[in-house]
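Secondary and tertiary structure notes
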Amino acid sequence: MGRLEDLFGIDVPIVLGPFGGLSSVALTAAVSTGGGLGSFGLYGYTPERILDTVSQLRGATARPVAVNLWLPRGDEVSPADLDVQPFLDAAAPLFAAAGVEVPAPPAAFLPSVADQLGAVLEARPEVLSVVFGIPDAATLAAARGRGIRVIGTATSVAEAVALEAAGVDAVVATGSEAGGHRVSFLREASASLVGTFALVPQVVDAVGIPVIAAGGIADRRGVAAALALGADGVQVGTAFLRTRQSAATGDHRDAIARSVDTETVLTRAMSGRLARGIPNRAMRELEAAGMIAPFPAQNWLTGVFRAAATANGDGELVSLWAGQAAALSRLDDAAEVLDELKAGLPT
């Protein structure tokens with residue numbers, strides 16, 4: 001067995017990308033039951049919801065699972081830090097299009113990360129993956145004491161080295177091709193756009209812990225290429241996001257299916273942080289207005305009309321996260337995607 005298989009107790013070194021807001025128990029369980037490591041994104045979840053989600057995962061699969069948390073970068077704003085009204089006014093046409101009232105600012109934009117970590121430690125998933133930072137020593141020690149492996153996420157060699165020095169068990173080297181948020185933490189995301197083909201071998205040379213390649217991997221060819229670059233395994237997002245087991249809307253899955261190589265863009269419009277997705281009305285109008293609140297205020301703001309749009313099946317008002325290899329995402333069943341990726345592993 002390879003290093004990742006031994007580390008996580010899985011059969012194949014294939015990890016499901018954790019989708020903050022788009023994860024589903026069905027998809028996570030399908031990947032884990034199929035021998036990989038299913039992941040579930042817990043962005044914005046309360047401690048109670050985290051405990052319930054891990055309980056549901058335990059009921060859906062007997063195999064190891066990972067959960068993912070966003071660590072604070074230190075640049076997050078609270079409702080007391082800014083006047084959110086001008087940003088709400090700029091987005092008023094999108095609230096109207098979704099059929100919802102312009103909301104009043106909440107008491108807090110996000111739950112406490114410390115409280116989220118406490119719930120994860122209580123729930124004891126096999127793996128905790130983190131983005132946007134380095135877990136502190138106390139968190140790593142607490143996880144280790146409960147038998148929880150920890151995966152860090154890097155967009156540069158320096159981030160990977162820092163994560164290894166802190167004591168994480170494995171690192172995801174995520175190239176700029178990847179869909180969703182750019183999870184940089186040592187430099188601005190816009191200054192950390194290293195492609196997967198360049199990033200992975202440099203990270204492999206720089207660290208001694210297992211390296212998981214992410215970004216632009218959607219089929220057996222991507223898996224074989226990542227392993228040839230020295231990675232111990234792969235993390236795949238968009239190809240699984242297109243499947244019917246994901247929590248993506250039908251319009252989102254269709255947008256991935258129609259996507260071409262040049263279609264995705266990097267934007268701060270939907271969350272206040274740089275992320276890769278397929279343009280739609282919401283993204284275009286927010287970009288044009290030029291009124292994008294800092295994170296997480298913008299993510300809360302758009303989340304109000306995104307939730308209504310999801311319920312209404314309106315793909316023009318949601319975040320259509322996708323990577324540059326979206327056009328290679330040709331399968332709509334998670335088990336079939338997993339089988340396709342497994343075909344790229346050495347026999």
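For the structure given in this document, a descriptive report is provided here. In this text, all values refer to a predicted model and were calculated from it rather than measured experimentally. (Residues numbered from 1 in each chain as written. Predicted model: local features only at pLDDT ≥ 70, side-chain atom pairs only at ≥ 80, totals over all residues. Heavy atoms only, no water.)

Description of the overall build of the protein
Rule in force here: For helices the rule is a DSSP run of H or I covering at least 4 residues; for strands it is a run of E covering at least 2, with both sets numbered from the N terminus onward. Throughout, radius of gyration means the C-alpha value; the globule benchmark is 2.2 Å times the number of residues raised to the power 0.38. Here the term buried applies to any residue with accessible area under 20% of the maximum for its type, exposed to any over 50%, and partly exposed to those in between, with areas from a 1.4 Å probe on protein chains only. Only the protein chains shown count as cover for residues, with accessible areas throughout obtained via the Shrake-Rupley method and a probe of 1.4 Å. In this tally Asp and Glu are treated as negative and Lys and Arg as positive; neither His nor the chain ends contributes. Positions of charges follow a simple convention, taking NZ of Lys, CZ of Arg, CG of Asp or CD of Glu.
If you tally the helices and strands in the protein, you get 15 helices and 11 strands. Whereas a compact globule of 347 residues would reach a radius of gyration of roughly 20 Å, the protein reaches 19 Å, a difference of no more than 12%. Overall, the protein is about 55 × 45 × 40 Å in size when its C-alpha atoms are taken along their principal axes. Evaluated residue by residue, the protein yields a buried proportion of 55% over its 347 residues. Split by element, the accessible area of the protein, about 13,300 Å² in all, is 52% carbon and sulfur. Positive and negative charge centroids in the protein, built from 25 and 36 side chains respectively, lie 4 Å apart.

Here's the deal with the pattern of salt bridges
As a reminder of what qualifies: For this document, the term salt bridge refers to a Lys or Arg side-chain nitrogen within 4 Å of an Asp or Glu carboxyl oxygen.
According to the stated counting rule, one finds 12 salt bridges in the structure shown. Close ionic contact of Arg 281 with Glu 285 constitutes a salt bridge, the shortest N to O distance being 2.8 Å. Taken together, the residues Arg 281 and Glu 285, both in helix 13 (residues 281-289) and 4 residues apart, mark about one turn of the helix. Exposure remark for Arg 281: the relative accessible area of 31% places this residue in the partly exposed category. Because the salt bridges share partners, they merge into one network encompassing Asp 75, Glu 76 and Arg 273.

Considerations on helix 9 (residues 196-206)
In plain terms, the rule: Relevant arc is that of directions from the helix axis to the C-beta atoms, nothing else. In what follows, a contact means two residues having at least one pair of non-hydrogen atoms within 4.5 Å.
Regarding helix 9, the residues found buried are Thr 196, Leu 199, Val 200 and Val 203. Buried residues of helix 9 fall within an arc of 95° about the axis and therefore sit on the same side. Away from the buried face of helix 9 by more than 90 degrees, exposed residues Phe 197 and Asp 205 are located. On its buried face, helix 9 is in contact with strand 5 (149-154), helix 8 (157-166), strand 6 (170-174) and strand 8 (211-214).

Some words on the sheet that holds strand 11 (residues 275-277)
For the record, the criterion: In this analysis, strands are considered paired if DSSP registers two or more bridges between them.
The 3 strands lie next to each other as 7-11-10, forming an open sheet whose pairing is antiparallel. This sheet does not close on itself; its edge strands, each paired only once, are strand 7 (180-181) and strand 10 (265-267). Looking at chain direction, strand 7 and strand 11 are connected through 2 bridges and run antiparallel. Bridged to Gly 180 within strand 11 is Arg 276.

A short note on the sheet that holds strand 3 (residues 65-70)
To keep it simple, the criterion reads: Axis definition: a line fit to C-alpha positions, over the contact stretch in the case of helices; interaxial angles, taken between N-to-C directions, run 0 to 180 degrees.
The strand order 1-9-8-6-5-4-3-2 describes an open sheet built from 8 strands, whose pairing is parallel. In the strand order of this sheet, the two ends are held by strand 1 (14-16) and strand 2 (38-41), each with one partner. Neighbour-to-neighbour, the strand axes of the sheet open up by a mean angle of 25°, direction not taken into account. Helix 6 (residues 113-123) rests against strand 3 and strand 4 (127-131) of the sheet, and its axis sits at about 170° to strand 3. Together, strand 5, strand 6 and strand 8 form the strand contacts of helix 9, whose direction differs from that of strand 6 by roughly 155°.

Remarks on the pairing of strand 5
Looking along a regular strand, one sees the side chains alternate between the two faces of the sheet. Threshold: Convention used here: a crossover is right-handed provided that the path from the first strand, over the helix, to the second strand proceeds clockwise when the strands point away from the viewer.
For strand 5, the tally of buried residues reaches 5 of 6 residues, placing the bulk of the element in the interior. The pairing of strand 4 with strand 5 spans 3 bridges and is classified as parallel. Counterpart to Ser 129 in the pairing with strand 5 is Ile 151. Crossover handedness for the path strand 4 to helix 7 (residues 137-145) to strand 5: right-handed.

Concerning the side chain of Thr 153
Our working rule: Between N or O atoms, a polar contact is any pair within 3.5 Å; within protein, one atom must be a potential hydrogen donor and the other a potential acceptor, and residues adjacent in sequence are included only when both atoms are from side chains.
Mapped onto the elements, Thr 153 comes out in strand 5. A residue is classified by how much of its surface remains accessible, and Thr 153, at 7% relative accessible area, is buried. Of the polar contacts made by the side chain of Thr 153, one reaches the backbone oxygen of Val 130; its length is 2.7 Å. Discounting chain neighbours no more than four positions away, the residues touching Thr 153 are Val 130, Val 131, Leu 163, Val 172, Thr 174, Val 183 and Phe 185.

Topic: the pairing of strand 9 (residues 233-236)
What you see with strand 9 is no split at all: Gly 233 and Gln 235 on one side and Val 234 and Val 236 on the other are buried throughout. By the bridge criterion, 3 bridges tie strand 1 to strand 9 in an arrangement that is parallel. Note on strand 9: the bridge partner recorded for Val 15 is Gln 235. Inspection of the sheet shows strand 8 paired to strand 9 by 3 bridges, in the parallel sense. Each bridged residue has a counterpart across the sheet, and for Ala 214 the counterpart in strand 9 is Gln 235. With helix 10 (residues 220-228) bridging strand 8 and its parallel neighbour strand 9, the resulting β-α-β unit is right-handed.

Notes on the packing of helix 3 (residues 47-60) against helix 6
Heads up, the rule is: Angle categories are assigned with fixed cut-offs, so that under 35 degrees is roughly parallel, over 145 is roughly antiparallel, 65 to 115 is roughly perpendicular, and the rest are oblique. What makes a crossing left-handed is the near helix being turned counterclockwise from the far one by less than a right angle; a clockwise turn instead makes it right-handed. Under the convention adopted here, Pro, Cys and the residues Ala, Val, Leu, Ile, Met, Phe, Trp and Tyr are nonpolar, Asp, Glu, Lys and Arg are charged, and Gly plus all remaining residues are polar.
Helix 6 packs onto helix 3 with a crossing angle of 30° between their chain directions and a minimal axis gap of 8 Å. One way to sum up the angle between helix 3 and helix 6 is to call them roughly parallel. Helix 6 is crossed by helix 3, and the crossing has right-handed handedness. For the pair formed by helix 3 and helix 6, the contact residues are Pro 47, Ile 50, Leu 51, Val 54 and Arg 58 on the first element and Asp 115, Gln 116, Ala 119, Val 120, Glu 122 and Ala 123 on the second. Across the contact of helix 3 with helix 6, the residue classes break down as 7 nonpolar, 1 polar and 3 charged.

This is a description of form; function is not addressed.
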